[in-house]
Structures are given as C-alpha cells and as structure tokens.
Amino acid sequence: MTEEEFRNTVMCHRQMMMAIAMTVLCNREDALDCLQDTFVALWKNRDKIGDLDSVRQYCLTSVRNNAMMMIKKRRSASLESADELSVSDDPLSRIERNEKMRILEKGLRKLPESQRQVLLMSSISGLSAPEIAEMTSMSYANVRQLLSRGRQFLKVYFKMNGN
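Quick caveat, the model's predicted, so the values are computed rather than measured.

(A) View of the overall build of the chain. Check the secondary structure of the chain and you find 9 helices and 0 strands. Counting from the amino terminus, helix and strand elements in the chain follow one another as α-α-α-α-α-α-α-α-α. Counting only residues that meet the buried cut, the chain has 33% of its 163 residues in that class. Contacts in the chain between residues far apart in sequence, at least 24 positions, make up 66% of those at least 6 positions apart. Entry remark: accessible area of the chain is about 10,300 Å², with carbon and sulfur atoms responsible for 51%.

(B) Quick peek at the nonpolar core. If you look at the biggest cluster of nonpolar residues, it comprises 37 residues, and the most contacted ones within it are Val10, Met17, Val24, Leu42, Val63, Val118 and Val143. For this core, the secondary-structure elements that each account for two or more residues are helix 2 (14-25), helix 3 (28-44), helix 5 (55-85), helix 7 (113-123), helix 8 (129-136) and helix 9 (140-160). Per-element tally for this core: the top contributor is helix 5, with 7 residues.

(C) Spatial organisation of the packing of aromatic side chains. Applying the stated criterion across every chain yields a total of 2 aromatic pairs. Measuring from centroid to centroid gives 5.1 Å for phenylalanine 6 and tryptophan 43, while their planes differ by 90°, and the two rings are edge-to-face. Here tryptophan 43 lies in helix 3 and phenylalanine 6 lies in helix 1 (residues 3-9), a separation of 37 residues in the sequence. For phenylalanine 6, a relative accessible area of 7% corresponds to the buried category.

(D) Representation of the packing of helix 6 (residues 91-110) against helix 9. One can describe the packing of helix 6 onto helix 9 by two numbers: an axis separation of 10 Å at closest approach and a directional angle of 135°. Comparing their axes, helix 9 and helix 6 come out oblique. Crossing geometry of helix 6 relative to helix 9 is assigned as right-handed. Here Lys100, Ile103, Leu104, Lys106, Gly107, Leu108 and Lys110 of helix 6 come into contact with helix 9, specifically with Phe153, Leu154, Tyr157 and Phe158. Counted by class, the contact of helix 6 with helix 9 contains 7 nonpolar, 1 polar and 3 charged residues.

(E) Broad picture of the packing of helix 7 against helix 9. Packing of helix 7 against helix 9 leaves a shortest axis separation of 9 Å and a crossing angle of 95°. Accordingly, the angle class assigned to the pair helix 7 and helix 9 is roughly perpendicular. Together, Ser114, Gln115, Val118, Leu119 and Ser122 of helix 7 and Val143, Leu146, Leu147, Arg149, Gly150, Arg151 and Leu154 of helix 9 make up the contact between the two elements. Across the contact of helix 7 with helix 9, the residue classes tally to 6 nonpolar, 4 polar and 2 charged.

(F) Expanded view of the state of the cysteines. The full count for this structure, using the stated rule, is 0 disulfides. We note that cysteine 12 lacks a disulfide partner, and the nearest cysteine sulfur, in cysteine 59, lies 7.5 Å from it.

Rules behind the numbers
Residues numbered from 1 in each chain as written. Predicted model: local features only at pLDDT ≥ 70, side-chain atom pairs only at ≥ 80, totals over all residues. Heavy atoms only, no water. Helix = DSSP H or I, 4+ residues; strand = E, 2+ residues; numbered from the N terminus. Buried < 20%, exposed > 50% of the residue type's maximum accessible area, 1.4 Å probe, protein only. Contact = heavy atoms within 4.5 Å. Areas by Shrake-Rupley, 256 points an atom, 1.4 Å probe, with all protein chains shown as cover. Core = buried A, V, L, I, M, F, W, Y, C linked by side-chain atoms within 4.5 Å. Phe/Tyr/Trp six-rings, centres within 6.5 Å; stacked < 30°, edge-to-face > 60°. Axes fitted to C-alpha atoms, helices over the stretch in contact; angles between N-to-C directions. Parallel < 35°, antiparallel > 145°, perpendicular 65-115°, else oblique. Left-handed = near helix turned anticlockwise from the far one by under 90°. Nonpolar A, V, L, I, M, F, W, Y, C, P; charged D, E, K, R; others polar. Disulfide = S-S within 2.5 Å.

Structural data, given as structure tokens:
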C-alpha cells in the first residue's frame, strides 16, 4: 500500500480515533501520543489493511487497545510510586493492600475477555456504559450485563479468597 492509499484508507478515520483516545485517556497530549503510536503501528501493517473487511473498525479497535495499554502502563507506574511512598505505612497495611491487589488481579484474569475489558474501561477509564457500548460496538444492554456479571463474579471471588 502506497502512502497515498494509506492516507485515503486509514487517515479518514483520524477524528473518530482521536475521539476514542480522548474518551479513554481524558488527556489531549496522551490522546495525541496514542494516536501517533497507532498510526505508526497501522503503517507497519499497511499491507494487511487492504485485505480487511472493515478498515474503520480495525482502526478504532487499534486506537482503543493502544489507549488501554497506556492506561495499564500508567496504572502500573502509579502503583509502583504508591508502593514507594507507602514505605512509611505500617508493614501490615502494606501486606494487606498487596494481597488485595493480588486477589483482584487473579480474579480479573479469570473473567472472560469481554467482561474484563468492559470492567477495566468502566473502573480505570471512568467510561459510562453508553460510551463503552459505542466504543466496543456492543449494545448498551450487553455492556450493562457484562459489567454486572463481572462485578458479581469479583465480589464472590473476593469472599472465597480471603476477603
């Protein structure tokens, strides 16, 4: 795919991609970084793009996935910072907090991908169910059901695993 074909095929979706990045990241600079990273990745895979049924959906999914990865990295960095700052906390509090986080991460890994994705978009990104439905191309009712089932599973999982 030539640069002009790439521009005509992919770049026409940049406004919607930017809107998704802004919705997930809530920060213009981060959204621009995410968009740029996504375009680089799309450029590297430009030969495969022409064979896709829905280039638009591929672009939107790519930017959403990149934004979610940025949030995970940011969350991981902030947890490390919080751990460093909490050195003055008593050791028992730190152990309890780490144990709760470990249980939560294990519980999240046990969820089906769709429930995990929707829960993370809701709790980490602060997105509403209608926003998640629009971004994931799921129905609003499906998003609400996935959120409910995921939260219920985690609640039971916490009770069964020492909390």
